[in-house]
Amino acid sequence: MRFTKMHGCGNDYVYLDAWGERLPDVGDLPALARRMSDRHTGIGADGLIVIGPASDADARMTMFNADGSESEMCGNGIRCAAKLAWDHGRVGTRSPRIATGAGVLAVDLRFDGDACTGASVDMGRPRLSPAEVPVQHPGPGPLLEVNLTAAGASHRLVAVGMGNPHAVYFVSDPETFPVHAVGAVLEHHASFPRRTNIEFVARLADEAGLPVLRQRTWERGSGETQACGTGACATVVAAILDRRIPGREAIVRLNGGNLHVAWPDAGASVRMTGPAVAVFEGVWIG
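So, how was this worked out
Residues numbered from 1 in each chain as written. Predicted model: local features only at pLDDT ≥ 70, side-chain atom pairs only at ≥ 80, totals over all residues. Heavy atoms only, no water. Helix = DSSP H or I, 4+ residues; strand = E, 2+ residues; numbered from the N terminus. Buried < 20%, exposed > 50% of the residue type's maximum accessible area, 1.4 Å probe, protein only. Polar contact = N/O pair within 3.5 Å; in protein donor to acceptor, adjacent residues only side chain to side chain. Contact = heavy atoms within 4.5 Å. Pairing = 2+ DSSP bridges. Salt bridge = Lys/Arg side-chain N within 4 Å of Asp/Glu carboxyl O. Patch = residues over 30% accessible without salt bridge, like charges linked within 9 Å, V, L, I, M, F, W, Y side chains within 5 Å. Areas by Shrake-Rupley, 256 points an atom, 1.4 Å probe, with all protein chains shown as cover. Phe/Tyr/Trp six-rings, centres within 6.5 Å; stacked < 30°, edge-to-face > 60°. Lys NZ or Arg CZ within 6 Å of the ring centre and 35° of its normal.

J.: Report on the side chain of glutamate 72, specifying residues and quantitative values.
T.: Relative to the assigned elements, glutamate 72 resides in the loop between strand 5 (70-71) and helix 2 (75-87). For glutamate 72, a relative accessible area of 16% corresponds to the buried category. Side-chain polar atoms of glutamate 72 contact the side chain of arginine 194, separated by 3.2 Å. Of note is the side chain of glutamate 72, whose polar atom sits 2.8 Å from the side chain of arginine 220. The residues touching glutamate 72, leaving out its near neighbours within four places in the chain, are Thr100, Gly101, Ala102, Gly163, Asn164, Pro165, Arg194 and Arg220.

J.: Report on the environment of proline 193, specifying residues and quantitative values.
T.: Relative to the helices and strands, proline 193 is located in the loop between helix 3 (179-187) and strand 12 (197-207). Relative accessible area serves as the criterion here: at 47%, proline 193 is assigned to the partly exposed category. Distance from proline 193 to glutamate 72, taken between C-alpha atoms, is 14 Å for residues 121 residues apart in sequence. When sequence neighbours within four positions are dropped, the list of residues in contact with proline 193 reads Pro134, Val135 and Gln136.

J.: Talk me through the pairing of strand 4 (residues 59-65); I want residue IDs and the actual numbers.
T.: Counted residue by residue, strand 4 has five buried out of seven residues, so it is predominantly covered. Hairpin remark: strand 3 (residues 47-52) followed by strand 4, antiparallel, with six residues in the connecting loop. The pairing of strand 4 with strand 6 (residues 97-100) spans two bridges and is parallel. Each bridged residue has a counterpart across the sheet, and for alanine 59 the counterpart in strand 6 is isoleucine 98. Hairpin connection of strand 4 to strand 5: four residues between the antiparallel strands, including glycine 68 at a positive phi of 90°.

J.: Outline the pattern of salt bridges, listing residues and values.
T.: Taken as a whole and assessed by the stated rule, the structure comprises 18 salt bridges. The salt bridge involving aspartate 17 is made with arginine 90; its shortest N-O contact spans 2.9 Å. Here aspartate 17 is found in strand 2 (residues 11-17), whereas its partner arginine 90 is found in the loop between helix 2 and strand 6, with 73 residues between them in sequence. You can call aspartate 17 buried: its relative accessible area is 6%. Close ionic contact of glutamate 72 with arginine 220 constitutes a salt bridge, the shortest N to O distance being 2.8 Å. Of the two residues, glutamate 72 is situated in the loop between strand 5 and helix 2 and arginine 220 in the loop between strand 13 (210-219) and strand 14 (223-225); the sequence distance between them amounts to 148 residues. Linked by salt bridges that have partners in common, Lys5, Asp12, Arg39 and Asp46 make up one network.

J.: I'd love a proper account of a nonpolar patch on the surface, names of residues and values included.
T.: Taken together, the side chains of Val277, Val279 and Phe280 define a hydrophobic patch exposed on the protein surface, amounting to about 230 Å² of accessible area. When you line up the elements, valine 279 lands in strand 18 (residues 277-283). Here valine 279 falls in the partly exposed class, since its relative accessible area comes to 47%.

J.: Describe the environment of proline 53, naming the residues involved and giving the relevant values.
T.: Along the polypeptide, proline 53 turns up in the loop between strand 3 and strand 4. Judged by its relative accessible area of 54%, proline 53 is exposed. Separated by 122 residues in sequence, proline 53 and glutamate 175 have C-alpha atoms that sit 41 Å apart. Those residues within four positions of proline 53 in sequence are excluded, and the remaining contacts are Ala18, Trp19 and Arg60.

J.: I'd like to hear about the environment of alanine 18, residue by residue, with values.
T.: As for its placement among the helices and strands, alanine 18 is situated in the loop between strand 2 and helix 1 (29-37). A relative accessible area of 27% places alanine 18 in the partly exposed class. With 20 residues separating them along the chain, alanine 18 and aspartate 38 place their C-alpha atoms 21 Å apart.

J.: Describe in detail the packing of aromatic side chains, supporting the description with residues and values.
T.: What describes a pair of aromatic rings is the distance from one ring centre to the other and the angle between the planes of the rings. In this structure the tally under the stated criterion is six aromatic pairs. Judged by centre distance (6.5 Å) and plane angle (75°), the rings of tyrosine 13 and tyrosine 15 are edge-to-face. As far as the burial class goes, tyrosine 13 and tyrosine 15 line up, both buried. Seen in terms of ring centroids, tryptophan 86 and phenylalanine 111 are 5.4 Å apart; in terms of plane orientation they differ by 75°. Their pairing is edge-to-face. Of this pair, tryptophan 86 sits in helix 2 while phenylalanine 111 sits in strand 7 (residues 103-112); the two residues are 25 residues apart in sequence, bridging distant segments of the chain. Ring pairs connect the aromatic residues Tyr169, Phe177 and Phe200, which therefore count as one cluster. Sitting over the ring of phenylalanine 111, arginine 94 keeps its end group 3.7 Å from the ring centre. Note that arginine 248 overlies the ring of tryptophan 263, its terminal NZ or CZ placed 4.6 Å from the centroid.

Structure (structure tokens):
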């Protein structure tokens, strides 16, 4: 099978073009994701994304984490998937609609001359009720406190659903915070029936008139990743809800680069804008 290695802000995936390749049965894709994602014996990635035909959209994206678990959505992944579909001539519009496990999302591709370099994505409205995230806690809203004996502290989190579950944790310094120790416990905490992604966030100095949020991400099924697009959206929503920033947009600084995220009002969709980069192509013979 031919594959393309791509990344958005360093959040890297192996992409398969289901229009042009004969893929394994769906039941075999989790095992393939584990093998391809292995950074020592495979290609090396945060997971596997398949882009192919859809009956209800211009294309469908199916995503697997590095551990083989299927995920509903990936903000960085959908930008790259849309770019790949354009680059391979699979879609003829610069504003494709991509079907995902979180619904059909509208993508506006960005260009430098004739080259597609990124995209802006309508990520849909954030899910803020406990059932929608999903998270199990007695309160009516997204704020909760989780007691973690294993991590040695109580943690106040903002739970936000962006098609997949997120827990945003505001800390004094994400650079020195024990992201791996706390993230590994929070991911599997009983409060999150489908596990969760965790964002460790602090506000930095403003740039170009916009607040800057520094984010490190512990991604469900993959560990710490260089970036998380849905996580960046959850972070900005949480910062607005928790009154951490003025206004309703911010720059989110990830390990691998910056994303611009805006949530115009409480009833609106979140819009995320960022790069999409093809790294290399190859043939998988494993």
